[in-house]
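Residues per chain are reported as follows:
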Amino acid sequence: MSKTLYVGNLPWSTTEEELKSIFSNHGTVYSARIISDRNTGRSKGFGFVEVDENSAAKMIAELNNTEVKGRKIVVNEAKPREERPRERRNRGQ
């Protein structure tokens, strides 16, 4: 089984490969993704790492509040995504 961890306050220059590497030093990592702005493609400064369930608590304890490229990151268990109603846009009508 796996767990998803939220990683916040990431430097905007952090890549998914770097994020995966940081966590791989502390346990099994299945995937890492950086969330980016839909319009600009620029990082939003947070991401998610899917890790082995048995390693999750250890990773949170060891990596939360540690420094990455001069910024203290926040690591905790990701909360389930809330369903949001789709935004209706007036398309010039």
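All of these numbers come straight from a predicted model, not from anything done at the bench.

Tallying secondary structure elements over the protein gives two helices and six strands in all. In the protein, the order of α-helices and β-strands from amino to carboxyl end is β-α-β-β-α-β-β-β. With the principal axes as the frame, the protein shows a C-alpha extent of 55 × 30 × 20 Å. Across the 93 residues that make up the protein, the buried fraction comes to 27%. Long-range contacts, defined here as pairs at least 24 residues apart, represent 62% of the contacts in the protein between residues at least 6 apart.

Where like charges cluster on the molecular surface, the positive patch consists of R33, R38, K44, R81 and R86. Tracing the backbone through its elements, the reader meets R38 in the loop between β2 (29-36) and β3 (43-52). Note on R38: relative accessible area 80%, which makes it exposed.

Pairing is antiparallel in the open sheet, where four strands are placed in the order β2-β3-β1-β6. Bordering the open sheet on either side are β2 and β6 (74-77), each of which pairs with just one other strand. Between one strand and the next, the sheet's axes are offset by a mean angle of 25°, whatever the strand orientation. The pairing of β2 with β3 spans six bridges and is antiparallel. Within β3, the position partnered with A32 by the bridge is V49. Here helix α1 (residues 16-24) sits on the sheet in contact with β1 (2-8), β2, β3 and β6, set at roughly 140° to β2.

Let us now look at the packing of aromatic side chains. Applying the stated criterion to the full structure yields three aromatic pairs. Both rings, one in Y6 and one in F46, keep their centres 5.9 Å apart while their planes meet at 35°; by these two values the pair is tilted. In this pair, Y6 sits in strand β1 while F46 sits in strand β3, placing the two residues 40 residues apart along the sequence. Overall, the relative accessible area of 24% leaves F46 in the partly exposed class. Consider the rings of F46 and F48, whose centres lie 6.0 Å apart with planes at 85°: the pair is edge-to-face. With a relative accessible area of 19%, F48 lands in the buried category. Seen from the ring of W12, R42 lies directly overhead, with NZ or CZ sitting 4.8 Å from the centre. Lying across the ring of W12, R71 places its NZ or CZ 4.9 Å from the centre.

Each value, and the rule that gives it
- Residues numbered from 1 in each chain as written.
- Predicted model: local features only at pLDDT ≥ 70, side-chain atom pairs only at ≥ 80, totals over all residues.
- Heavy atoms only, no water.
- Helix = DSSP H or I, 4+ residues; strand = E, 2+ residues; numbered from the N terminus.
- Buried < 20%, exposed > 50% of the residue type's maximum accessible area, 1.4 Å probe, protein only.
- Contact = heavy atoms within 4.5 Å.
- Patch = residues over 30% accessible without salt bridge, like charges linked within 9 Å, V, L, I, M, F, W, Y side chains within 5 Å.
- Areas by Shrake-Rupley, 256 points an atom, 1.4 Å probe, with all protein chains shown as cover.
- Salt bridge = Lys/Arg side-chain N within 4 Å of Asp/Glu carboxyl O.
- Lys, Arg positive; Asp, Glu negative; His and termini not counted.
- Charge placed at Lys NZ, Arg CZ, Asp CG, Glu CD.
- Pairing = 2+ DSSP bridges.
- Axes fitted to C-alpha atoms, helices over the stretch in contact; angles between N-to-C directions.
- Phe/Tyr/Trp six-rings, centres within 6.5 Å; stacked < 30°, edge-to-face > 60°.
- Lys NZ or Arg CZ within 6 Å of the ring centre and 35° of its normal.

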